[in-house]
Amino acid sequence: MVAAMARLRAAGVPDPARDARVLLAHAAKVDAARVTLIAPEDIAPEIAERYDNLIALRAVRVPVSQLIGAREFYGRSFDISRDVLDPRPETEALIEVALSEPFDRVLDLGTGSGCILVTLLAERADAEGVGVDISEAACLHASANAARHDVAGRAQIVQSDWFADVEGRFDLIVSNPPYLAAAEMDEVQPELRDHEPRLALTDEGDGLTAYRVIAAEAQGYLNAQGRVMVEIGWKQGRSVSGIFTAQGWGEVAILPDLGGRDRVVVASKPG
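Residues numbered from 1 in each chain as written. Predicted model: local features only at pLDDT ≥ 70, side-chain atom pairs only at ≥ 80, totals over all residues. Heavy atoms only, no water.

**Q** Help me understand the overall build of the protein chain, please; the structure alone is not making it clear to me.
**A** For the protein chain, the helix and strand inventory stands at 10 helices and nine strands. Taking 18 Å as the expected radius of gyration for a compact globule of 271 residues, we find that the protein chain reaches 20 Å, a close match to that expectation. Once the C-alpha set of the protein chain is aligned to its principal axes, its extents read approximately 70 × 40 × 30 Å. For the protein chain, contacts bridging at least 24 residues in sequence account for 64% of all contacts bridging at least 6. For the protein chain, the accessible area works out to roughly 12,900 Å², and carbon and sulfur atoms hold 50% of it. (Helix = DSSP H or I, 4+ residues; strand = E, 2+ residues; numbered from the N terminus. Rg over C-alpha atoms; globule rule 2.2 N^0.38 Å. Contact = heavy atoms within 4.5 Å. Areas by Shrake-Rupley, 256 points an atom, 1.4 Å probe, with all protein chains shown as cover.)

In structure tokens form, the structure reads like this:
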């Protein structure tokens, strides 16, 4: 594992020790907490070969979640591949805000892996929801994750370009849309730029296209006391809140993540 850590460190991987440990656990099919108990001479040749292959892929910055096929989010494990955005800890701020008030029916726009929708339904046993995504592969992932966490009976997954095929009204509309500007894509980590779906990262414009669509159309899908909340880039608070205000929404608020950075914009229907 020492050699693996050195290789990952040389490749510029941010936390080589953690990644080397997690990948060895995956290769050996043991819990990560037990990896330190494995002596080098106890590693079977087939495990060593599998481990070397994983380290080689990580060294070219393939995300760990894609290598092991899963990612933890809000205390649950979600199936992940390069077809969907890797769930990230900052998105848990959106979950916390959503759970701060009751809801019976939720719409998740751009559901991806389904981590937001599935988490909300798992935390609210009486709620039901709809997740939409333009990507067929993402819809398949979301459906699989809904089944994995026993909410498939309350989750409808629809292939749709934002609201195009959405029907009905909701108490809550949530979204973690593509919010990177095209010009920012060259500056992000290789894990994102080279290995995650570009469609889920950027609108190929200024990073605000999805917010304009949601702000313009979401009122037609909300119940009277409904709320809409969107994850944002940490520098986008004023821009996104301004988009909602310009569309005549009621109270519009910018809320931080655990790191204190702007992360969620919440808007309610006017009047």
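Moving on from the model shown.
**Q** Teacher, can you tell me more about the side chain of Thr 111 here?
**A** Turning to its location among the elements, Thr 111 is positioned in the loop between β3 (105-109) and α6 (115-123). Reaching out from Thr 111, the side chain makes a polar contact with the side chain of Asp 108 at a distance of 2.8 Å. Once residues lying within four places of it in the same chain are set aside, the contact partners of Thr 111 are Leu 117, Gly 131, Val 132, Asp 133 and Ala 142. (Polar contact = N/O pair within 3.5 Å; in protein donor to acceptor, adjacent residues only side chain to side chain.)

**Q** Before we go on, may I ask you to explain the pairing of strand β5 (residues 155-159) in this structure?
**A** The two faces of the sheet receive side chains in turn, since in a regular strand these alternate between them. In this structure, strand β4 (residues 128-133) lies alongside β5, joined through five bridges in parallel fashion. In the sheet register, Val 130 faces β5, and the bridge partner there is Gln 156. Crossover β4 to β5 through helix α7 (residues 136-148) is right-handed. (Pairing = 2+ DSSP bridges. Right-handed = clockwise from strand over helix to strand, strands pointing away.)

**Q** Where do I start with the environment of Ala 4 in this structure?
**A** Among the secondary structure elements, Ala 4 is positioned in helix α1 (residues 2-10). Taking the relative accessible area as the measure of exposure, Ala 4 reaches 9% and is therefore buried. Between the C-alpha atom of Ala 4 and that of Ala 56, which follows or precedes it by 52 residues, the distance is 8.9 Å. Apart from residues lying up to four places away in sequence, Ala 4 is in contact with Ala 20, Tyr 51 and Ile 55. (Buried < 20%, exposed > 50% of the residue type's maximum accessible area, 1.4 Å probe, protein only.)

**Q** Quick question: what am I supposed to make of the packing of aromatic side chains here?
**A** Each aromatic ring pair is specified by the distance between its two centres and by the angle formed by the two planes. Throughout the structure, instances matching the rule amount to three aromatic pairs. When the centroid spacing of 6.2 Å and the interplanar angle of 75° are considered together, the rings of Phe 73 and Phe 78 count as edge-to-face. Both residues of the pair, Phe 73 and Phe 78, count as buried. Aromatic pair Phe 163 and Tyr 221: ring centres 4.7 Å apart, planes at 20°, arrangement stacked. One end of the pair, Phe 163, is in the loop between β5 and β6 (170-175); the other, Tyr 221, is in the loop between α9 (209-217) and β7 (222-231), and 58 residues separate them in sequence. On the basis of relative accessibility, which here comes to 19%, the residue Tyr 221 falls in the buried class. Over the ring of Trp 234 we find Arg 261; its NZ or CZ atom is 4.0 Å from the centre of that ring. (Phe/Tyr/Trp six-rings, centres within 6.5 Å; stacked < 30°, edge-to-face > 60°. Lys NZ or Arg CZ within 6 Å of the ring centre and 35° of its normal.)

**Q** So what exactly am I meant to see when it comes to α9 here?
**A** Residues Ala 210, Tyr 211, Ile 214 and Ala 215 constitute the buried set of α9. For α9, the arc enclosing every buried residue in end-on projection is 125°, short of the 170-degree limit, so these residues lie on one face. Looking at the buried residues of α9, the elements they touch are β3, β6, β7 and α10 (237-246). (Arc of directions from axis to C-beta.)

**Q** Mind showing me how you'd approach the packing of α9 against α10 here?
**A** For any two helices packed against each other, the geometry is given by the interaxial angle and the distance between the axes. For the pair α9 and α10, the least separation of the axes is 9 Å and the interaxial angle reads 25°. The angle between the axes of α9 and α10 places the two elements in the roughly parallel class. Helix-helix and strand crossings are classified by hand; for α9 and α10 the assignment is right-handed. Of α10, the residues touching α9 (which contributes Tyr 211, Arg 212, Ile 214 and Ala 215) are Val 240, Ile 243 and Phe 244. Residue classes in the contact of α9 with α10 are distributed as six nonpolar, no polar and one charged. (Axes fitted to C-alpha atoms, helices over the stretch in contact; angles between N-to-C directions. Parallel < 35°, antiparallel > 145°, perpendicular 65-115°, else oblique. Left-handed = near helix turned anticlockwise from the far one by under 90°. Nonpolar A, V, L, I, M, F, W, Y, C, P; charged D, E, K, R; others polar.)

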